[in-house]
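Given next are the chains, with one letter for each unit.
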Amino acid sequence: MAIYLPGTTEEEQVSLDELTPREIVAELDKYVVGQKEAKRAVAIALRNRMRRQKLAPELAEEILPKNIIMIGPTGVGKTEIARRLAKLANSPFLKIEASKFTEVGYVGRDVESMIRDLIEVAIEMVRQEKLEDVADRAELNAEERLLDILLPAAPQRPPDGGGGAGILLEAGDSQSRTREKLRQQLREGKLDERIVEIDVREKSFPAFEIISNQGVEEMDINVKDMLPNIFGQRTKKRKMKVSEAFDYLIQEEEQRLIDADQVTRIAVERVEQSGIIFLDEIDKIAGRESGHGPDVSREGVQRDILPIVEGTTVNTRYGMVRTDHILFIAAGAFHVSKPSDLIPELQGRFPIRVELHSLTIEDFIRILTEPKSSLVKQYTALLETEGLRLEFTREALEEVANFAFRVNEGTENIGARRLHTIMERVLDEISFDAPDMQNKEVNIDAEYVRKMLTDIVKDQDLSRYIL
């Protein structure tokens, strides 16, 4: 899953450069409860990147990022910390499961595909930033083109006599006034339902794949560039409403104003200098070879990941990409295996190890209320759309946290994700009946929570399936 942040203003960028590790931790505290050690580790890693950018190029080239392994059970905030860090840094970010990859020679995804995916994320990220820069110009250009369609220019006829020039001038003024009236109506939305005919580009072209020993992923060939005469940009006439035509023309103008080569160049540089890859489920590929069974390629995947992490050059459709300064954050529960089961070379590439702790009842209460988009705020906002005002008492939240903790202890410990299940169960009846309820103010207290959950939690077998 790829996550990226839209373009930031220069003021925001400056403030990011001035963020101290303590301030970075404070920013992460707005979204993730607890786990101070992990936050400190990623805050230092981000600050070191800023420090590196201020060094002389010769020395900066030698300073490599200190990759991090996060060890902890599921649902305690490993992924969220990395994701929020990437948003804070405005960096290309990719979350990928290590268990997706297979050793070279096996059918499946090779490890270099993570760099290709990261480049795609960065391309889209830079493209969105550029779109914001040219949005106003694109809208003006689209408006002019639409007015040309709505009011075609009058044909210029040569004057027959001496008074012809004056007539032409008067006709030009009339045309200009009509155009401005149309522009005003267009901006006010009075022409939105009118039908116009515009030229649209045909996107369809013959699709085929080239299979090679490198796999389809490697064969990123742009056939339209190779055979421009066959796949030329043909257009066809299409009728649509003015509002739809305006949107289409804006998109066309935006593409015309954006320099694709510049986008690619910036994206590749951004990946090389500030890319972050979150390697989840790293514990699933840990362990020595048994020589048989479904896990036969575990150590092979580790060997393939090693050169990517320690720094290599990967060939992508946008050119060669160096991975020397990409920050890798690995994470895993390590229930069955342990970090020392990874091959020694890979262990050495993750010098920082952070342990994340299981969540307590107090943590659950904080998760329900403190973060910017806490669960309580989410459910309250959702039901407000039905005109229903939802209030939780402090005792109700404590009861929810208590139930979540007990179920986690009695069954599988899935951390904060258990709160989603519990809250859905508590609000099941209210969510269903909300549109038809006469009383639009609902107060959730501890008694109501117990009424909705007690029977299920008591029955261990039932709670395994429902909670």
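Note that the structure is predicted; figures quoted are calculated from it, not measured.

Draft legend 1. Highlighting the overall build of the chain. Summing up its helical and strand segments, the chain has 19 helices and twelve strands in all. Among the 467 residues that make up the chain, the fraction classed as buried is 42%. Within the chain, counting contacts between residues at least 6 apart in sequence, those at least 24 apart form 79% of the total. Accessible surface, the chain as shown: approximately 26,400 Å² in total, 49% of it carbon and sulfur.

Draft legend 2. Structural detail: the packing of helix α2 (residues 21–29) against helix α5 (residues 78–89). As a packed pair, α2 and α5 sit with axes 10 Å apart at the nearest point and diverge in direction by 120°. When the interaxial angle is binned, α2 and α5 end up oblique. Along this stretch, α2 crosses α5, giving a crossing that reads as right-handed. Contacts from Ile24, Glu27 and Leu28 of α2 reach α5 at Ile81, Arg84, Leu85 and Leu88. Of the residues assigned to the contact of α2 with α5, the class counts are five nonpolar, no polar and two charged.

Draft legend 3. Structural view of helix α11 (residues 298–310). Between its first and last C-alpha, α11 extends 19 Å over 13 residues, near the 18 Å set by a 1.5 Å rise per residue. Contacts made by the buried residues of α11 are with α6 (113–150), β6 (276–280), β7 (313–316), β9 (327–332) and α12 (344–348). Taken from the residues just after α11, glycine 311 is the one with a positive phi, measuring 115°.

Draft legend 4. Representation of the pairing of β9 within the structure. β9 sits mainly inside the fold: six of its six residues count as buried. Residue alternation in β9 divides its side chains into two sets, Leu327, Ile329 and Ala331 and Phe328, Ala330 and Gly332, and both sets are buried. Alignment of strand β2 (residues 68–71) against β9, held across four bridges, turns out to be parallel. Across the sheet, isoleucine 71 pairs through a bridge with glycine 332, a residue of β9.

Draft legend 5. Expanded view of a negative patch on the surface. A surface patch of like charges, here negative, comprises Glu386, Glu424, Asp428, Glu429, Asp433 and Asp436. The element best represented in the negative patch is helix α17 (residues 428–433), accounting for three residues. Note that aspartate 428 resides in helix α17.

Draft legend 6. Structural detail: the packing of aromatic side chains. Per the stated rule, a full pass over the model turns up zero aromatic pairs. The ring of tyrosine 31 is capped by arginine 84, whose NZ or CZ atom sits 4.0 Å from the centre of that ring.

Draft legend 7. Focus on the pattern of salt bridges. Tallying each qualifying case throughout the model produces 37 salt bridges. One salt bridge connects glutamate 61 with arginine 322, and the closest N-O pair in it is separated by 2.7 Å. Here the residue glutamate 61 occupies a position in helix α4 (residues 57–62), and arginine 322 occupies one in strand β8 (residues 319–322), the gap between them amounting to 261 residues. Lysine 338 is the salt-bridge partner of aspartate 341, the closest N and O atoms lying 3.7 Å from each other. Judged by relative accessible area, which is 49%, lysine 338 ranks as partly exposed. Taken together, the shared-partner salt bridges in this structure form one network comprising Glu143, Glu144, Asp148, Arg179, Glu180, Arg183 and Arg187.

Draft legend 8. Representation of the packing of helix α3 (residues 36–53) against α5 in the model. Their axes nearest at 11 Å, the elements α3 and α5 cross at an angle of 30°. With respect to α5, the axis of α3 lies roughly parallel. Like other packed secondary-structure pairs, α3 and α5 cross with a definite hand, here right-handed. For the pair α3 and α5, contact is made by Ala38, Lys39, Val42 and Leu46 and by Ile81, Leu85, Leu88 and Ala89, respectively. Looking at the contact of α3 with α5 residue by residue, the classes come out as seven nonpolar, no polar and one charged.

Draft legend 9. Main features of the nonpolar core. Core analysis: the biggest nonpolar cluster contains 62 residues, and Ile329, Met423, Val426, Leu427, Ile430 and Ile444 have the highest contact counts within it. With near-sequence residues (within four places) excluded, valine 426 lies in contact with Val400, Ile444, Tyr448, Val449, Met452 and Leu453. Val121, Leu131, Val271 and Ile326 belong to the second largest nonpolar core, which has 42 residues in total.

Draft legend 10. Representation of the environment of leucine 146 within the structure. Along the chain, leucine 146 falls in helix α6. It is 8.9 Å that separates the C-alpha atoms of leucine 146 and valine 196, two residues lying 50 residues apart in sequence. Beyond its immediate chain neighbours, meaning those up to four positions away, leucine 146 contacts Leu186, Val196, Val242, Ala245, Phe246 and Leu249.

Draft legend 11. Region of interest: a nonpolar patch on the surface. A contiguous nonpolar surface patch, about 230 Å² in accessible area, is contributed by Leu55, Leu59 and Ile63. Examined against the element boundaries, isoleucine 63 turns out to sit in the loop between α4 and β2. For isoleucine 63, a relative accessible area of 32% gives the class partly exposed.

Draft legend 12. Region of the structure containing the environment of alanine 86. Here alanine 86 lies in helix α5. Its relative accessible area of 2% is what places alanine 86 among the buried residues. Taking the C-alpha atoms as reference points, alanine 86 and isoleucine 276, separated by 190 residues in sequence, lie 7.0 Å from one another. Sequence-distant contacts of alanine 86, that is, excluding residues within four places in its chain, are made with Ser91, Phe93 and Ile276.

Draft legend 13. Quick look at the side chain of arginine 418. For arginine 418, the location among the structural elements is in helix α16 (residues 417–426). Buried arginine 418, no salt bridge; nearest opposite-charge side chain is glutamate 412, N-O distance 7.3 Å.

Draft legend 14. View of the confidence of the model for the chain. Here the chain averages 80 in pLDDT, while 79% of its residues score no lower than 70. Confidence drops under pLDDT 50 across residues 1–14; counting only partners more than four residues distant or on other chains, this segment forms 24 contacts. A low-confidence stretch, residues 205–221 (pLDDT under 50), is modelled with 21 contacts involving residues beyond four sequence positions or located in other chains.

Definitions and cut-offs
- For every chain, the first residue of the written sequence is number 1, and numbering continues from 1 onward in sequence order.
- At least 70 in pLDDT is required for a residue's local features to be given in this predicted model, at least 80 for side-chain atom pairs to be given and counted, and no such filter applies to totals for whole chains, interfaces and linings, which use all residues.
- Hydrogens and water molecules were not included; the side-chain quantities draw on all heavy atoms of the structure.
- In DSSP terms, a helix is any run of H or I states spanning at least four residues, a strand is any run of E spanning at least two, and both are numbered starting from the N terminus.
- Each residue is assigned to one of three classes by its accessible area relative to the maximum for its type, calculated with a 1.4 Å probe on protein chains only: buried under 20%, partly exposed between the two thresholds, exposed over 50%.
- Whether two residues are in contact is decided by their heavy atoms: any pair within 4.5 Å suffices.
- For every accessible area listed, the method is Shrake-Rupley and the probe measures 1.4 Å; residues are considered covered only by the protein chains on display.
- In this analysis an axis means a line fitted to C-alpha atoms, helices contributing only their contacting stretch, and an angle means the value between N-to-C directions, from 0 to 180 degrees.
- Roughly parallel means an angle under 35 degrees; roughly antiparallel means over 145; roughly perpendicular covers 65 to 115; every other angle is labelled oblique.
- In a left-handed crossing the near helix is turned counterclockwise from the far helix by less than a right angle, and in a right-handed crossing that turn is clockwise.
- Classes in brief: Ala, Val, Leu, Ile, Met, Phe, Trp, Tyr, Cys and Pro nonpolar; Asp, Glu, Lys and Arg charged; the others, Gly included, polar.
- Expected helix span is taken as 1.5 Å per residue step, with the number of steps being one fewer than the number of residues.
- Here, any two strands with at least 2 DSSP bridges between them count as paired.
- The patches described consist of residues with a relative accessible area above 30% and no salt bridge, like charges being joined within 9 Å and nonpolar side chains (Val, Leu, Ile, Met, Phe, Trp, Tyr) within 5 Å.
- The term salt bridge refers to a side-chain nitrogen of Lys or Arg lying within 4 Å of a carboxyl oxygen of Asp or Glu.
- Think of it this way: Lys and Arg go in the positive column, Asp and Glu in the negative one, and His and the chain ends go nowhere.
- Charged side chains are reduced to one point each, which is NZ for Lys, CZ for Arg, CG for Asp and CD for Glu.
- Paired rings are identified among Phe, Tyr and Trp, the last through its six-membered ring, by centres lying within 6.5 Å, and are further divided according to the angle between planes into stacked (under 30 degrees), edge-to-face (over 60) and tilted (the rest).
- Two limits define a charge over a ring: the Lys NZ or Arg CZ must be within 6 Å of the ring centre, and within 35 degrees of the ring normal.
- Remark: nonpolar core denotes a set of buried residues (Ala, Val, Leu, Ile, Met, Phe, Trp, Tyr, Cys) joined through side-chain atoms within 4.5 Å.
- pLDDT measures how confident the predictor is about each residue, on a scale from 0 to 100.

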